[in-house]
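# Residue-level structural notes
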Amino acid sequence: MTPPTAADDRPPVADALDGAARTAKPDRAQYGVCAFLAVVGALVIVDALRIGHAISSADPIGPKPVPILLGALLLVVAAIYAVDVARGGAGEPEAGEDVDLSSPIDWRTVLLLIGAFLVNAVLIDRLGWVISGTLLFWGSAFALGNRHHIRNLLIAVALSLITFYTFAIGLGVNLPAGVLQGIL
């Protein structure tokens, strides 16, 4: 008697489904995705090759290698994906979220979020990022249903200050300080 193998442990239905998935006719639409990835990869490489030589002592490599590497990786992914599609591979359908698609859109939430973004856009130059960002973060939390107003306000102030100083110190991008110009 021969010892059982891993294939013997699988139910016959699983083998049939696996074989059916691999022998099924390839989904031709997936080749469009492969072609798109290949075109984007080629464009990234061509564009990267047109970058001038901007080598300095602080950056001896220059700006070319990263986009060339990304373009080459896109070409590799496109090729691997095309081979998988040719062999009958198909992605597993997304199970989706537990969302009732027949329920109406919550326009109140949508409009409150749009309002928070518009208030931020209007006030950012006058009041500065810290205040307008605080209103944006607090208003977004309110619009999404969180009713811990004081805690949300403290978190919004912290997020605004963290992003302000991250941009200023970490990235060298000065966000508008507005009325807090001399304080920040």
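Anyway, here's the lowdown on the structure attached to this text. (Residues numbered from 1 in each chain as written. Predicted model: local features only at pLDDT ≥ 70, side-chain atom pairs only at ≥ 80, totals over all residues. Heavy atoms only, no water.)

### Here's the deal with the overall build of the protein chain
Note the cut-off: Each helix corresponds to a stretch of at least 4 residues labelled H or I by DSSP, and each strand to a stretch of at least 2 residues labelled E; elements are numbered beginning at the N terminus. Note on contacts: a residue pair is in contact if any heavy atoms of the two residues lie within 4.5 Å. Residue-level accessible areas treat just the shown protein chains as cover; the underlying method is Shrake-Rupley with a 1.4 Å probe.
A tally of helices and strands in the protein chain yields 7 helices and 0 strands. Counted from the first residue to the last, the protein chain has its helices and strands arranged as α-α-α-α-α-α-α. The contacts of the protein chain with a sequence gap of at least 6 include a subset with a gap of at least 24, amounting to 55%. Total accessible area on the protein chain is roughly 13,400 Å²; 69% of this is exposed by carbon and sulfur atoms.

### A closer look at the side chain of Asn120
Just so we agree on the cut-off: Relative accessibility under 20% of the residue-type maximum defines a buried residue, over 50% an exposed one, and the middle range a partly exposed one, all with a 1.4 Å probe and only protein chains included.
With respect to the helices and strands, the residue Asn120 is situated in helix α5 (residues 107-127). Judged by relative accessible area, Asn120 falls into the buried class, the value being 11%.

### Some points on a negative patch on the surface
Just so we agree on the cut-off: Without a salt bridge and with relative accessible area above 30%, a residue can belong to a patch; like charges are then joined within 9 Å and nonpolar side chains (Val, Leu, Ile, Met, Phe, Trp, Tyr) within 5 Å. Whenever Lys or Arg places a side-chain nitrogen within 4 Å of a carboxyl oxygen from Asp or Glu, that contact is recorded as a salt bridge. Counting rule for charge: Lys and Arg are taken as positive, Asp and Glu as negative, and neither His nor the chain ends is counted. Where a charge lies is defined by one atom per residue type: Lys uses NZ, Arg uses CZ, Asp uses CG and Glu uses CD.
A contiguous patch of negative charge, built from Glu94, Glu97, Asp98 and Asp100, is present on the exposed surface. One can find Glu97 in the loop between α4 (65-86) and α5. With a relative accessible area of 69%, Glu97 lands in the exposed category.

### Points about the packing of aromatic side chains
Two numbers describe a pair of aromatic rings. These are the distance of the centres and the angle of the planes. Threshold: Note on ring pairs: Phe, Tyr and Trp rings are taken, using the six-membered ring of Trp, and paired if centres are within 6.5 Å. Classes follow the plane angle, with under 30 degrees stacked, over 60 edge-to-face and the rest tilted.
Scanning the model with the defined rule gives 3 aromatic pairs in all. Ring plane angle 15° and centroid distance 5.6 Å describe the contact between Trp138 and Phe142, whose orientation is recorded as stacked. On the criterion of helical spacing, the pair formed by Trp138 and Phe142 is a turn pair, its members being 4 residues apart in helix α6 (residues 129-143). Since its relative accessible area comes to 23%, Phe142 is described here as partly exposed. Where Phe164 meets Tyr165, the ring centres are 5.3 Å apart and the plane angle is 85°; that geometry is what we call edge-to-face.

### Things to note about the packing of α5 against α6
The packing of two helices is summarised by the inter-axis angle and the distance between the axes. The cut-off we apply is this: The angle between two axes is taken between their N-to-C directions and runs from 0 to 180 degrees, where each axis is a line fitted to C-alpha atoms and a helix contributes only its stretch in contact. When an angle is under 35 degrees it counts as roughly parallel; over 145 it counts as roughly antiparallel; between 65 and 115 it counts as roughly perpendicular; any other value is oblique. Polar here means any residue other than Ala, Val, Leu, Ile, Met, Phe, Trp, Tyr, Cys and Pro, which are nonpolar, and Asp, Glu, Lys and Arg, which are charged; Gly is therefore polar.
Contact pair α5 / α6: the axes reach a minimum separation of 8 Å and the direction vectors enclose 175°. What the angle tells us is that α5 and α6 run roughly antiparallel. Facing Arg108, Thr109, Leu112, Leu113, Ala116, Phe117, Val119, Asn120, Leu123, Ile124 and Leu127 of α5, the residues of α6 in contact are Trp129, Ile131, Ser132, Gly133, Leu135, Leu136, Gly139, Ser140, Phe142 and Ala143. Considered class by class, the residues forming the contact of α5 with α6 number 14 nonpolar, 6 polar and 1 charged.

### What to know about the nonpolar core
To keep it simple, the criterion reads: Take the buried Ala, Val, Leu, Ile, Met, Phe, Trp, Tyr and Cys residues and link them wherever side-chain atoms come within 4.5 Å; each set so joined is a nonpolar core.
Counting residues in each nonpolar core, the largest one holds 8 residues, listed as Ala116, Ile124, Trp129, Val130, Leu136, Phe164, Ala177 and Leu180. Taken together, the elements giving at least two residues each to this core come down to α5 and α6. The leading source of residues in this core is α6, at 3 residues.

### Considerations on a nonpolar patch on the surface
The grouping of Ile105, Trp107, Val110, Leu111, Ile114 and Leu118 at the surface amounts to a nonpolar patch, some 600 Å² of accessible area in total. Tracing the sequence through the fold places Leu118 in helix α5. When its relative accessible area of 53% is taken as the criterion, Leu118 is described as exposed.

### Description of helix α3 (residues 29-49)
Stated formally: Helix span is expected to be 1.5 Å times the residue number reduced by one. Directions are taken from the helix axis to each C-beta atom, and the arc is the one they span.
Here α3 is 21 residues long and its end C-alpha atoms lie 31 Å apart, about the 30 Å a rise of 1.5 Å per residue gives. Listing the buried residues of α3 in full gives Cys34, Leu37, Gly41, Ile45 and Ala48. For α3, the buried positions fall inside an angular range of 70° around the axis, keeping them on one side. Exposed side chains of α3 directed beyond 90 degrees from the buried face belong to Ala29, Phe36 and Leu43. Here the buried face of α3 lies against α4.

### Remarks on helix α7 (residues 149-171)
The terminal C-alpha atoms of α7 lie 31 Å apart, and with 23 residues this matches the ideal 33 Å at 1.5 Å per residue to within 8%. Within the span of α7, buried status applies to Asn152, Ala156, Ser160 and Phe164. Where the residues of α7 are buried, they touch α6. Just downstream of α7, Gly172 is the residue with a positive phi angle, here 75°.

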